[in-house]
Amino acid sequence: MRHLTQQSRYSTITIALNKKNTQFLMAKRVSTSLAEGIYDLLQEWANEERRSISGLSAFILEQAVRERQKQVQKPSPPSDEKPDKN
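Residues numbered from 1 in each chain as written. Predicted model: local features only at pLDDT ≥ 70, side-chain atom pairs only at ≥ 80, totals over all residues. Heavy atoms only, no water.

Asks: Pulling in residues and values, what's your account of the overall build of the chain?
Replies: A tally of regular secondary structure across the chain gives two helices and three strands. Reading the chain from its N terminus to its C terminus gives the helix and strand order β-β-β-α-α. Out of the 86 residues in the chain, the part that is buried amounts to 9%. When contacts within the chain are restricted to residue pairs at least 6 apart in sequence, long-range pairs at least 24 apart make up 9% of them. A total of about 8,200 Å² of accessible surface is found on the chain, and carbon and sulfur atoms cover 52% of it. (Helix = DSSP H or I, 4+ residues; strand = E, 2+ residues; numbered from the N terminus. Buried < 20%, exposed > 50% of the residue type's maximum accessible area, 1.4 Å probe, protein only. Contact = heavy atoms within 4.5 Å. Areas by Shrake-Rupley, 256 points an atom, 1.4 Å probe, with all protein chains shown as cover.)

Asks: I'd like a rundown of the packing of aromatic side chains, residues and numbers included.
Replies: Inspection of every chain in the model, using the stated rule, returns zero aromatic pairs. Geometry around F59 places R51 over its ring, the cationic atom sitting 4.6 Å from the centre. (Phe/Tyr/Trp six-rings, centres within 6.5 Å; stacked < 30°, edge-to-face > 60°. Lys NZ or Arg CZ within 6 Å of the ring centre and 35° of its normal.)

Asks: Residues and numbers for the confidence of the model for the chain, please.
Replies: Overall, the predicted model of the chain reaches an average pLDDT of 75, with 55% of residues at or above 70. Across the chain, helix 1 (residues 36–48) holds the top mean pLDDT of 95, while strand 1 (residues 2–7) sits lowest at 50. (pLDDT = per-residue confidence, 0-100.)

Asks: For a nonpolar patch on the surface, give the residues involved together with the corresponding values.
Replies: On the surface, a cluster of nonpolar side chains totalling about 390 Å² of accessible area is made up of L34, I38, Y39 and L41. Position of L34 among the secondary structure elements: in the loop between strand 3 (24–25) and helix 1. (Patch = residues over 30% accessible without salt bridge, like charges linked within 9 Å, V, L, I, M, F, W, Y side chains within 5 Å. Salt bridge = Lys/Arg side-chain N within 4 Å of Asp/Glu carboxyl O.)

Asks: Go over the packing of helix 1 against helix 2 (residues 53–71) with me, naming the residues and quoting the values.
Replies: The description of two helices packed together rests on the angle between their axes and the distance between the axes. One can describe the packing of helix 1 onto helix 2 by two numbers: an axis separation of 9 Å at closest approach and a directional angle of 95°. The angle between helix 1 and helix 2 falls in the class roughly perpendicular. Within the contact between the two elements, helix 1 uses Y39, L42, Q43, W45 and A46 and helix 2 uses I53, L56, S57 and I60. Residues that form the contact of helix 1 with helix 2 fall into these classes: seven nonpolar, two polar and no charged. (Axes fitted to C-alpha atoms, helices over the stretch in contact; angles between N-to-C directions. Parallel < 35°, antiparallel > 145°, perpendicular 65-115°, else oblique. Nonpolar A, V, L, I, M, F, W, Y, C, P; charged D, E, K, R; others polar.)

Asks: Hey, could you go over the environment of L56 for me, with residue numbers and the actual values?
Replies: Among the secondary structure elements, L56 is positioned in helix 2. On the accessibility criterion, L56 (0% relative accessible area) is buried. Along the backbone, L56 and A46 are 10 residues apart, and their C-alpha atoms lie at a distance of 6.1 Å. The contacts of L56, once residues within four sequence positions are left out, are L42, W45, A46, E49 and R51.

Encoded structure:
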């Protein structure tokens, strides 16, 4: 899998290309409702980390799913993150 990244002043767009047929793999979207107090805390956290609420929410959800996968001993789902090159 190859990732193309386009960075602009306002955002970064990463597109994953499947080498077999070079079709675009798109991230799935989730919509949710939060209590106002939780939203406010999430907004504070996002501001501290200089992230959008959406980006922080996606990060938190991905980490929670990965942790659960460890607990039930199933392989982790694929990530859009690039692996560390050490």
